[in-house]
Amino acid sequence: MTAYASKRPRGQFASRFADDEPRKGSDILVEALEREGVDCVFAYPGGASMEIHQSLTKSATGIRNVLCRHEQGEVFAAEGYAKATGKVGVCIATSGPGATNLVTGLADALLDSVPMVAITGQVPRPMIGTDAFQETPIVEITRQITKHNYLVMNVEEIPRIVREAFFLAASGRPGPVLIDIPKDVQQQLAVPYWEPKVSLNGYLSRLPAPPTSPQLQQVLDLIKDSKRPVVYAGGGCLDADLELVEFCRATGIPVTNTLMGLGTFPQSDDLSLSMLGMHGAVYANYAIDSADLLLAFGVRFDDRVTGKLAEFAKRAAIVHIDIDPAELGKNKKPFCSIFSNIKPALKTLNKLIALEKDMPDFSEWRAAIDVQRKKFPFPIPEQVGDVIAPQAAIELLCKMTEGKAIISTGVGQHQMWAAQHYKFDEPRNWLTSGGLGSMGFGLPAAIGAAAARPGDLVVDIDGDGSFVMNIQELATLHAENLPVKCFILNNQYLGMVVQWEDRFYKANRGHTYLGSPNDDFQVSKEEAHIFPDFVTISQGFRVPAERVMRMSDLEGAIKRMIEADGPYLLDVMVPHVEHVLPMVPGGGTFADTITTGDGRSPEEKDMKTL
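Rules used throughout
- Residues numbered from 1 in each chain as written.
- Predicted model: local features only at pLDDT ≥ 70, side-chain atom pairs only at ≥ 80, totals over all residues.
- Heavy atoms only, no water.
- UniProt positions renumbered as here; feature names shortened; annotations may be inferred.
- Helix = DSSP H or I, 4+ residues; strand = E, 2+ residues; numbered from the N terminus.
- Rg over C-alpha atoms; globule rule 2.2 N^0.38 Å.
- Buried < 20%, exposed > 50% of the residue type's maximum accessible area, 1.4 Å probe, protein only.
- Contact = heavy atoms within 4.5 Å.
- Areas by Shrake-Rupley, 256 points an atom, 1.4 Å probe, with all protein chains shown as cover.
- Polar contact = N/O pair within 3.5 Å; in protein donor to acceptor, adjacent residues only side chain to side chain.
- Domains from an automatic or database assignment.
- Buried area = accessible area lost by both parts, 1.4 Å probe.
- Nonpolar A, V, L, I, M, F, W, Y, C, P; charged D, E, K, R; others polar.
- Salt bridge = Lys/Arg side-chain N within 4 Å of Asp/Glu carboxyl O.
- Pairing = 2+ DSSP bridges.
- Axes fitted to C-alpha atoms, helices over the stretch in contact; angles between N-to-C directions.

If you check an unreviewed UniProt entry, the chain appears there as Acetolactate synthase from Ostreococcus lucimarinus. Per its UniProt entry, the chain bears the Catalytic activity (unreviewed entry) comment "2 pyruvate + H(+) = (2S)-2-acetolactate + CO2". Under the UniProt heading Sequence similarities (unreviewed entry), the note attached to the chain is "Belongs to the TPP enzyme family."

In structure tokens:
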């Protein structure tokens, strides 16, 4: 099993050094990245990492460095790269504040199972523990928010550690791995050995074996005995989308996705129930609540999906298949649990189904769900005057991009509206911060996606609150010539918190207004009162921008944004009183679903539930 990690396939590689030529540790590091197939990194230089940057400028394969303007920007960009491709994202930072600025992104990557290798410079070995300038114990700081981490104390260990780090990041349940390299190790000369022995016996023994046919025959028997089955598919299905589609179409079982699983099943398909959970479709949550069999594939029963755990899928026998054994039974006890990667499990299950001659007909069950689908679609407010409803803006964007753009988001109302109204038919076109909910994620993630997939349209659907948290990355768009389109739903407020204030705090505002303290645009409706002025700021970063305030002007503005050769910012002014509906209050049940009301009428009488 040891050889499994050591002998992963590698392409032919031509080093710029002779085999027996000594080179710096930083050169060995860069060549190790090249040998892993890295074509792009997101790195910001500093005193403890500048040796690495010097070596990057001499990369034999031409590794591209996208110079983000803040380390949080680079770690989110590496996440965006990884989410858009499935490959390991790489970010590099200096010691001290450079390293600590990566912390939020590492936690984000761990919760969303994103493969990433973060490399940090560290003070020289003799200075570790002396409170040296820009010294932080980043290995200790990140121990609980990485899959694994390393402090490199010997230059000869670099090839092995890099090999292990990439294997750990991408195998099993993916996640971030950190490598901390002291500056004197980067400067030390050595002749690298490129076939290191990788000893990960304990880890390898915990990776899943392919599921057996008897295990999956039990799942098939449960399907045959059920009347109301539902597939609940999450981010674990991102690389098993074809198998998932084959399974659902072969069985006729409807499928609902988590926020992280959007795109794993085409939403244009009649079997798709869109997203479930707190702001999921009523008909998806109805299906879960009424199901007698819940097929949970690559999910973790997150609280934003389940609400009150005891009431979630309480009528259903639960089959849980997941690559992480810690998730099996952690939140919800399954009737049948299978420790497996989703792809081989579904491949075997599909083979069993193909041999089955008498599969049940679930058309009556699907018809019952369709009644709810027609009764409770995702709501779009009626057009009032020329006001731009944020839901309608995203629906129009989806129509004009034919649902084919890569969409990134920040966190908040705009994120939920994007998940509801932009329809994804393919995986890896939806980049969002799910588990951690990190505001400021959208623009850097879009940068990572644009660097990874230069031929695709990338749109950051953002809110004014989230966007300003990493607004400095507009500089990266111009400097790196990345054609990211920024589509800002600007309501001058911290929208999701305002919604909760309306719903549960009698509309009392607790520091959720983000506009100018002297002039409230939402009151005056005067363009001069909009604060901050994203159009002027964007133009200061040499990114073309415009603002749209009327629905009748929106289609033309979106067209200009899409057709722009390079980056573009569109500031879309929307009301702050719109609410994301439906909504299941935290810890609530399907019966508590709120389907009406908004900030215009926050009285309890307008907050109708099912």
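There's more to say after this.
*Asks:* Please provide a residue-by-residue account of the overall build of the chain, values included.
*Replies:* For the chain, the helix and strand inventory stands at 25 helices and 20 strands. Against the globule reference of 25 Å for 610 residues, the chain gives a C-alpha radius of gyration of 25 Å, in line with a compact fold. In terms of principal-axis extent, the alpha carbons of the chain reach across some 75 × 70 × 45 Å. Classification of the 610 residues of the chain by burial places 59% in the buried group. Within the chain, counting contacts between residues at least 6 apart in sequence, those at least 24 apart form 73% of the total. Roughly 24400 Å² of accessible area belongs to the chain as shown, and the carbon and sulfur atoms make up 52% of that amount.

*Asks:* I'd love a proper account of the UniProt feature "domain: Thiamine pyrophosphate enzyme TPP-binding" (unreviewed entry) in the chain, names of residues and values included.
*Replies:* The feature "domain: Thiamine pyrophosphate enzyme TPP-binding" (unreviewed entry), as annotated in UniProt, sits at residues 410-572 in this numbering. Secondary structure across residues 410-572 comprises 40% helix and 14% strand; the distance between its end C-alpha atoms is 15 Å.

*Asks:* An account of the side chain of Asp 324 is needed here, citing residue identities and associated values.
*Replies:* Note that Asp 324 resides in the loop between strand E13 (317-322) and strand E14 (336-339). Overall, the relative accessible area of 17% leaves Asp 324 in the buried class. Of the polar contacts made by the side chain of Asp 324, one reaches the backbone nitrogen of Ala 326; its length is 3.0 Å. When near neighbours in sequence (up to four residues on either side) are disregarded, Asp 324 contacts Arg 173 and Phe 339.

*Asks:* Can you break down the domain arrangement of the chain residue by residue, with the values?
*Replies:* Once the domains are mapped, the chain shows domain 1 (23-205), domain 2 (213-375) and domain 3 (390-578). A separation of 32 Å is found between the C-alpha centroids of domain 2 and domain 3. In this assembly, 16 residues from domain 2 lie in contact with 18 residues from domain 3. A combined buried area of about 1500 Å² lies between domain 2 and domain 3, and 58% of that area is made up of carbon and sulfur atoms. Its residues assigned to classes, the side of domain 2 that touches domain 3 shows eight nonpolar, five polar and three charged.

*Asks:* Before we move on, can you summarise the pattern of salt bridges with the specific residues and values?
*Replies:* In the structure shown here, the tally under the stated rule is 36 salt bridges. As a salt-bridge pair, Asp 269 and Arg 249 come within 2.8 Å of each other at their nearest N and O atoms. With Asp 269 in the loop between strand E10 (255-257) and strand E11 (272-275) and Arg 249 in helix H12 (residues 241-251), this residue pair connects regions lying 20 residues apart in the sequence. In this structure Asp 269 comes out as buried when scored by relative accessible area, which is 14%. Its salt-bridge partner being Arg 315, residue Asp 289 comes within 3.3 Å of it at the nearest N-O pair. Separated by 26 residues along the polypeptide, Asp 289 in helix H13 (residues 282-290) and Arg 315 in the loop between helix H14 (303-306) and E13 bring together distant segments of the chain. Linked by salt bridges that have partners in common, Arg 173, Asp 324, Glu 327 and Lys 330 make up one network.

*Asks:* With reference to specific residues and values, describe the sheet that holds strand E15 (residues 406-409).
*Replies:* With parallel pairing, six strands are arranged side by side in an open sheet as E16-E15-E17-E18-E20-E19. Here the strands that pair on one side only, and so sit at the sheet edges, are strand E16 (430-431) and strand E19 (545-548). Two elements, strand E18 (residues 485-490) and strand E20 (residues 568-573), share six bridges in a ladder whose sense is parallel. Bridging from a neighbouring strand, Cys 486 pairs with Leu 569 of E20. On top of the sheet, helix H17 (residues 390-400) reaches strand E17 (458-463) and E18; it is set at about 160° to E18, its chief contact. The strands touched by helix H18 (residues 413-421) within the sheet are E15, E16, E17 and E18, with E17 carrying the most contacts at an inclination of about 135°.

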